[in-house]
Amino acid sequence: MNGGPSGFNNAPVTRAFIIASALFTVFFGIQGRSTKLGLSYLDIFGKLRIWKLIVSVFAFSSTPELLFGLYLLYYFRVFERQIGSNKYSVFILFSVIASLLFEVFALALLKDPAVNLVTSGPYGLIFASFVPFFFDIPVSTWFRVFGVRFSDKSFIYLAGLQLLLSSWKRSILPGICGILAGSLYRLNVFRIRKAKFPEFVTSFFSRLSWSTPGSPPSAPTRSVVGNVPSYAGRQVERNYPSSMPSAIEPTEASIATLVSMGFDRNSARQALVQARNDVNVATNILLEAQSH
């Protein structure tokens, strides 16, 4: 499955979060403290180590968790492209805070004296992202491996399952808390989906971001969803005229697939008409139009 155009184009918040997570993990890993960053009942209710709450949001406790975690964070940048950096920043903050509150509540309920009962890492954000991934990202292809049926979404689910079981119960608990946080966001609790930060917050992340080599520049304006600049639709029309005698009307599923990759709906439809409803060909058309 494609997460849209490669790189961090129109995903500055995702880029900043991934860099912060990698730096925190490497920093504490060099010091040999990465395995001690998890949360426990004594940390919160005994010794009041509030700093662990902050650090545990970013730093993974092992290299395999870091690799799978960053891969999923990178893929889920498609949501930032869909709803915009401002609302995605709200989603990150809400997911992190809500999942941490669930974790603290679970620690208070269990009162387990075990050290590091909850592993560290941005599990809250990652597994909260699986909620819109499940409901909003359509399946575009199905295939069989040794008689078992898979979809193009299966690899993301398998990566999530690997991360969920990486530290067994220490990782299962924050994973469940993340799913609960994502469910609350989808239910629009406290009308959170309408909330926005002041524009200077997201522009700060944009200034921190540097252009990825080979990636097209960020669009000066964005559509309701997607990451294709406003001129992309005209470019598709110019290079790939949509008015053809034998044009095939694109299906809603195909349009939704391209929109989920971060493309503008109108541009996606025009490309699908040209590509005769072939999603892969339409994707190439849109990427070529975007590169002009």
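Residues numbered from 1 in each chain as written. Predicted model: local features only at pLDDT ≥ 70, side-chain atom pairs only at ≥ 80, totals over all residues. Heavy atoms only, no water.

## Comments concerning the overall build of the chain
Rule in force here: In DSSP terms, a helix is any run of H or I states spanning at least four residues, a strand is any run of E spanning at least two, and both are numbered starting from the N terminus. Think of it in three bands: residues with accessible area under 20% of the maximum for their type are buried, residues over 50% are exposed, and the middle band is partly exposed, with areas taken using a 1.4 Å probe on protein chains only. By definition in these notes, contact holds between two residues if any of their heavy atoms fall within 4.5 Å. Residue burial considers only the protein chains on display, and all accessible areas are found by Shrake-Rupley using a 1.4 Å probe.
Looking only at helices and strands, one finds 14 helices and 2 strands in the chain. Residue burial in the chain is summarised as follows: out of 292 residues, 49% are buried. By sequence separation, contacts in the chain at least 24 residues apart represent 78% of the contacts at least 6 residues apart. Accessible area of the chain: about 14,600 Å², with a carbon and sulfur share of 66%.

## Overview of helix α8 (residues 154-164)
Turning to α8, its buried residues are S154, I156, A159, G160, L163 and L164. On its buried face, α8 sits against α4 (63-75), α7 (123-136), β2 (148-151) and α9 (169-186).

## Regarding the packing of aromatic side chains
Two aromatic rings, taken as a pair, are described by how far apart their centres are and by the angle between their planes. Operational definition: Side-chain rings of Phe, Tyr and Trp (the six-membered ring for Trp) are treated as a pair once their centres are within 6.5 Å; stacked means planes under 30 degrees apart, edge-to-face means over 60, and tilted covers the remaining angles.
Applying the stated rule across the entire model yields 23 aromatic pairs. Between the aromatic rings of F17 and F58, the centroid separation amounts to 5.2 Å while the plane-to-plane angle is 35°, which identifies the pairing as tilted. In this pair, F17 is assigned in helix α1 (residues 12-30) and F58 in the loop between α3 (50-55) and α4, connecting sequence segments 41 residues apart. Each of the two residues, F17 as well as F58, counts as buried. Ring centres of F27 and F28 lie 5.2 Å apart, and the angle between their planes is 85°; on these two criteria the pair is classed as edge-to-face. Taking the relative accessible area as the measure of exposure, F27 reaches 46% and is therefore partly exposed.

## Description of the pattern of salt bridges
In plain terms, the rule: Whenever a carboxyl oxygen of Asp or Glu lies within 4 Å of a side-chain nitrogen of Lys or Arg, that contact is scored as a salt bridge.
Within the structure shown, the criterion is met by 5 salt bridges. Of the charged contacts in the structure, one is a salt bridge between K52 and D43, with a shortest N-O distance of 3.0 Å. In this structure, K52 and D43 share a single accessibility class: buried. The salt bridge involving D136 is made with R186; its shortest N-O contact spans 3.2 Å. With D136 in helix α7 and R186 in helix α9, this residue pair connects regions lying 50 residues apart in the sequence. Classification of D136 as partly exposed rests on a relative accessible area of 36%.

## Thoughts on the packing of helix α6 (residues 85-110) against α7
Put simply, the rule reads: To define axes, lines are fitted to C-alpha atoms, for helices over the stretch in contact only, and angles between the resulting N-to-C directions are given on a 0 to 180 degree scale. For classification purposes, an angle smaller than 35 degrees is called roughly parallel, one larger than 145 roughly antiparallel, one from 65 to 115 roughly perpendicular, and anything else oblique. The crossing is said to be left-handed when, going from far helix to near helix, the turn is anticlockwise and less than a right angle, and right-handed when the turn is clockwise.
Interhelical geometry of α6 versus α7 gives an angle of 115° and a closest axis separation of 8 Å. Classified by the interaxial angle, the pair formed by α6 and α7 is roughly perpendicular. The crossing of α6 and α7 is right-handed. Contact with α6, carried on its side by Y88, F91, I92, S95 and S99, involves G124, L125, A128 and S129 of α7 and no other residues of that element.

## Considering the side chain of E80
Which entries qualify depends on this criterion: Within this scheme the basic residues Lys and Arg register as positive and the acidic residues Asp and Glu register as negative, but His and the chain ends are omitted. Residues adjacent in sequence count toward polar contacts only when both atoms are side-chain atoms; beyond that, a polar contact is any pair of N or O atoms within 3.5 Å, and within protein one must be able to donate a hydrogen and the other to accept it.
Looking at where E80 falls in the secondary structure, it is placed in helix α5 (residues 77-83). Buried and unpaired, E80 has R81 as its nearest opposite-charge partner, separated by 7.5 Å. Only 2.6 Å separates the side chain of E80 from the side chain of S85, close enough to count as a polar contact.

## A look at the nonpolar core
Defined as follows: The criterion is simple. A nonpolar core is a set of buried Ala, Val, Leu, Ile, Met, Phe, Trp, Tyr and Cys residues joined through side-chain atoms within 4.5 Å.
Core analysis: the largest hydrophobic core is formed by 47 residues, its most contacted members being L72, F76, I126, F130 and F133. Among the elements of the structure, α1, α4, α5, α6, α7, α8 and α9 are those that each provide at least two residues to this core. At 10 residues, α6 tops the list of elements feeding residues into this core. Membership of the second largest hydrophobic core comes to 13 residues, among which are V259, A268, A271 and L272.

## Describing the pairing of β2
Moving residue by residue along a regular strand, the side chains alternate between the two faces of the sheet. Put simply, the rule is: Only strands joined by at least two bridges in the DSSP assignment are considered to pair.
As paired elements, strand β1 (residues 142-145) and β2 share 4 bridges and run antiparallel to each other. Each residue of the ladder has a partner; that of W142, found in β2, is S151.

## Remarks on the environment of N280
With respect to the helices, strands and loops of the structure, N280 is situated in helix α14 (residues 279-290). Relative accessible area serves as the criterion here: at 59%, N280 is assigned to the exposed category. Each C-alpha atom, one on N280 and one on L258, is 9.4 Å from the other, the two residues being 22 residues apart in sequence.

## What to know about the confidence of the model for the chain
In plain terms, the rule: The predictor reports its confidence for every residue as pLDDT, a score running from 0 up to 100.
When pLDDT is averaged along the chain, the result is 83, and 82% of the positions lie at 70 or above. Here residues 211-234 is modelled with pLDDT under 50, and outside its nearest four sequence neighbours on either side it reaches 50 contacts, counting other chains as well. Across residues 240-245 the pLDDT falls below 50, and counting only partners more than four positions away or on other chains, this stretch makes 10 contacts in the model.

## Structural notes on a nonpolar patch on the surface
Applied cut-off: Patch rule: a residue counts if its relative accessible area is over 30% and it has no salt bridge; like charges are joined within 9 Å, and nonpolar side chains (Val, Leu, Ile, Met, Phe, Trp, Tyr) within 5 Å.
Taken together, the side chains of F155, L158, L161, L165 and W168 present a nonpolar region at the surface, about 540 Å² in accessible area. Note that L165 resides in the loop between α8 and α9.

## What about the environment of L70?
Relative to the helices and strands, L70 resides in helix α4. Taking the C-alpha atoms as reference points, L70 and I18, 52 residues apart in sequence, are found 6.4 Å from one another.

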